Amino acid sequence: MSAFDPIRVYRKLAYNNALANTRLHRACAALRPGEFEAVRVSFFPSIKSTLNHILTVDWFYVDALEGGTLGFKAFDIEEPFDTLDALSVEQNKVDRRIVILCENLNPEALVRVIDLHRGNRIQREQAEDVLSHLFQHQTHHRGQVHAMLSGSSVAPPQLDEFIVADDARFRGEELGTLSWDETMLMR
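Please read all numbers here as calculations on a predicted model, not as lab measurements.

Parameters at a glance
As a convention, each chain's residues are numbered from 1 in the sequence order in which they are written. Restriction of local features to residues with pLDDT of at least 70 applies here, the model being predicted, together with a cutoff of 80 or more for giving and counting side-chain atom pairs; totals for whole chains, interfaces and linings are based on all residues. As a rule here, side-chain values come from all non-hydrogen atoms in the structure, and water together with hydrogens is ignored. Labels follow the DSSP assignment, with helices taken as runs of H or I lasting at least four residues and strands as runs of E lasting at least two, numbered in each case from the N terminus. To sort residues, take the accessible area from a 1.4 Å probe on protein chains only and compare it with the maximum for the residue type: under 20% means buried, over 50% means exposed, and anything in between is partly exposed. Contacts are assigned to residue pairs that have any heavy atoms within 4.5 Å of one another. All accessible areas in this document rest on Shrake-Rupley with a 1.4 Å probe, and a residue is counted as covered only by the protein chains that are shown. Here the positive residues are Lys and Arg and the negative ones are Asp and Glu; neither His nor the chain ends is included. By convention, the charge on Lys lies at NZ, on Arg at CZ, on Asp at CG and on Glu at CD. DSSP calls a pair of strands paired once it identifies at least 2 bridges connecting them.

**Student:** So what about the overall build of the chain? Which residues, and what values?
**Tutor:** The secondary structure content of the chain amounts to seven helices and two strands. Along the chain, helices (α) and strands (β) appear in the sequence α-α-α-α-β-β-α-α-α when read from the amino end. Taken over the C-alpha atoms alone, the chain extends approximately 50 × 45 × 25 Å along its principal axes. Within the chain, the proportion of its 187 residues that are buried is 48%. When contacts within the chain are restricted to residue pairs at least 6 apart in sequence, those whose partners lie at least 24 apart make up 70%. Accessible surface computed for the chain: about 9,500 Å², of which carbon and sulfur atoms make up 55%. Positive and negative charge centroids in the chain, built from 20 and 27 side chains respectively, lie 1 Å apart.

**Student:** I'd like a rundown of the pairing of strand β2 (residues 122-126), residues and numbers included.
**Tutor:** With five bridges joining them, strand β1 (residues 113-117) and β2 adopt antiparallel strand pairing. Across the sheet, H117 pairs through a bridge with I122, a residue of β2. What sits between the antiparallel neighbours β1 and β2 is a turn of four residues, in which G119 has the positive phi angle 75°.

Right, here's the structure in full:
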């Protein structure tokens, strides 16, 4: 039996995050004209608003995890992208940054203090807590988009088939889109 790897869960969550976003964005690409921006019942008023929120929050936290000082400038434009295509390109970029962060983690990096620039103050948190919060935030808002798709012309996609080995048969398309393979997910 191999030794326990405390970083593995973060790598897997980073891969899960990117794969789920890829699947969700692909489903949204099938929406009829006007459905992406249509007013719906949720925390944010549309699929467009919710996906933009996911992205800008990712920019905020990933920048901090990388040692940057972007802070609230990440939110200067509440909805930076009007089209799903442009938004998807940027979401993919930040998802890859999260994967790289998690692939390069070590136990010391997990406990380092991250400065979150919050306007007039700096919030200081351990990296492992910031990452856990980021993944929770993503899951929470993807669930809202999933629910909003239920009221659209597109069936909501399955979003929980990315962690365990037995689900490999369901994720091949997303892996291909990202140019990944199963060995990356299982290490």
